[in-house]
Amino acid sequence: MKLVRKDLEKDNAGQVTLIPEEPEDMWHTYNLLQVGDSLRASTIRKVQTESATGSVGSNRVRTTLTLCVETIDFDSQACQLRVKGTNIQENEYVKMGAYHTIELEPNRQFTLAKKVWDSVVLERIEQACDPAWSADVAAVVMQEGLAHVCLVTPSMTLTRAKVEVNIPRKRKGNCSQHDRALERFYEQVVQAIQRHINFEVVKCVLVASPGFVREQFCDYMFQQAVKTDNKLLLENRSKFLQVHSSSGHKYALKEVLCDPAVTSRLSDTKAAGEVKALDDFYKMLQHEPDRAFYGLKHVEKANEAMAIDTLLISDELFRHQDVATRARYVKLVDSVRENMGTVRIFSSLHVSGEQLGQLTGVAAILRFPVAELSDQEDESSSEED
């Protein structure tokens, strides 16, 4: 993401002009937009024209509109973002108050104005405009006959290719059909890797599977690379890291990112940090439940006691349409930081973010034990009796 201009007032109202450059920047933009914001961007509008003779025709014109945002639709697989709203600035082609949908695209500038730019939104702009926050991890999660080629970016896990090949069982005295099908499967996975992984950006390619599938696949891939003199694969051989997973399905990526050997290789990536924080939370919940809270009420109570060491919160909560609810989450984040706590904002499109979503989207690891909220409520109710 490229920051073109930033005009903010003392009360944090103002506007920011940005150019999304990568598909993932569309995800950041989706998280910046809120209902009620004003969005200015170039768009195409179908306009009806009437000639001198009275005949009516229509043609498409490119114009710049400013909309008051009403609905936001994001397609995570295609990384497309559509914003619908009413026109709030006079335009020769579009009447004031008329509805229009702007499709935001990479490499096309837009200006976003808000009544209040809170700390969470401003931090996201900083992250999006930092070139270090790019997809530097790829993963191939596989089992016999099934493979997922994924890009693990700081904000999301993108499935770039799914390879499925029916592999017949080995038969006594005749394994040729099984071996041919397996070779065809490996070849398709190699092609998917070459097509979807940019080795100039990617620092590490995780190859994960149950059993010996990963070893057999890597042996096949590099034998073929030597035979065909495939410089791309041979030069990047050191980037491939083999790890165990329970299956070839996408959800197995979470356990892969928890592997200590993987964590040490990916120590500088946000994705691995999120997974580790969630893993630490689950361990704390198991061994010291008084130091692991989840749910907004419980976490706010722990924050009042200045007990939060690490706050885990899903970015989905900051897209809440109710301004007061959103402000409550922002206040919690700011307060934890003021008390020298660490805040980890999880992406709801990431495997770990999906898991945090199942725990209400907000959780905390505490510095010291705090009595359960329900226990305190029980005590107060018994006192009243």
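Residues numbered from 1 in each chain as written. Predicted model: local features only at pLDDT ≥ 70, side-chain atom pairs only at ≥ 80, totals over all residues. Heavy atoms only, no water.

- The name an unreviewed UniProt entry assigns to the protein chain is Protein pelota homolog, from the organism Pitta sordida.

## Some remarks on the pattern of salt bridges
- This model, assessed by the stated rule, comprises 15 salt bridges.
- Residues D315 and R124 are paired through a salt bridge, measuring 3.2 Å at the closest nitrogen-oxygen approach. With D315 in the loop between β14 (308–314) and α10 (323–338) and R124 in helix α2 (residues 119–128), the pair connects residues that are 191 residues apart, well separated along the chain.
- R291 is the salt-bridge partner of E288, the closest N and O atoms lying 3.4 Å from each other.
- Through salt bridges that share partners, D73, R82 and E103 make up one connected network. (Salt bridge = Lys/Arg side-chain N within 4 Å of Asp/Glu carboxyl O. Helix = DSSP H or I, 4+ residues; strand = E, 2+ residues; numbered from the N terminus.)

## As for the domain arrangement of the protein chain
- Taken domain by domain, the protein chain holds domain 1 (2–46 + 57–129), domain 2 (136–268) and domain 3 (271–379).
- Centre-to-centre, using C-alpha coordinates, domain 1 lies 38 Å away from domain 2.
- At the junction of the two partners, domain 1 supplies six residues and domain 2 supplies seven residues.
- Summing both partners gives a buried area of about 510 Å² for domain 1 against domain 2, and 50% of it is carried by carbon and sulfur.
- Interface area lost by domain 1 to domain 2 is led by E24, W27 and Q77, which between them contribute 72%.
- Viewed at the interface, domain 2 and domain 1 are joined by zero salt bridges. (Domains from an automatic or database assignment. Contact = heavy atoms within 4.5 Å. Buried area = accessible area lost by both parts, 1.4 Å probe.)

## Considerations on helix α4 (residues 213–227)
- Along its 15 residues, α4 runs 21 Å from first to last C-alpha, staying within 8% of the 21 Å computed at 1.5 Å per residue.
- Turning to α4, its buried residues number three or more, namely V213, R214, F217, C218, Y220, M221, F222 and A225.
- On its buried face, α4 is in contact with β8 (137–143), α3 (176–196), β11 (204–209), α5 (231–235) and β12 (240–244).
- A positive backbone phi angle near 55° is found at D229, which sits one or two residues after α4. (Expected span 1.5 Å × (residues − 1). Buried < 20%, exposed > 50% of the residue type's maximum accessible area, 1.4 Å probe, protein only.)

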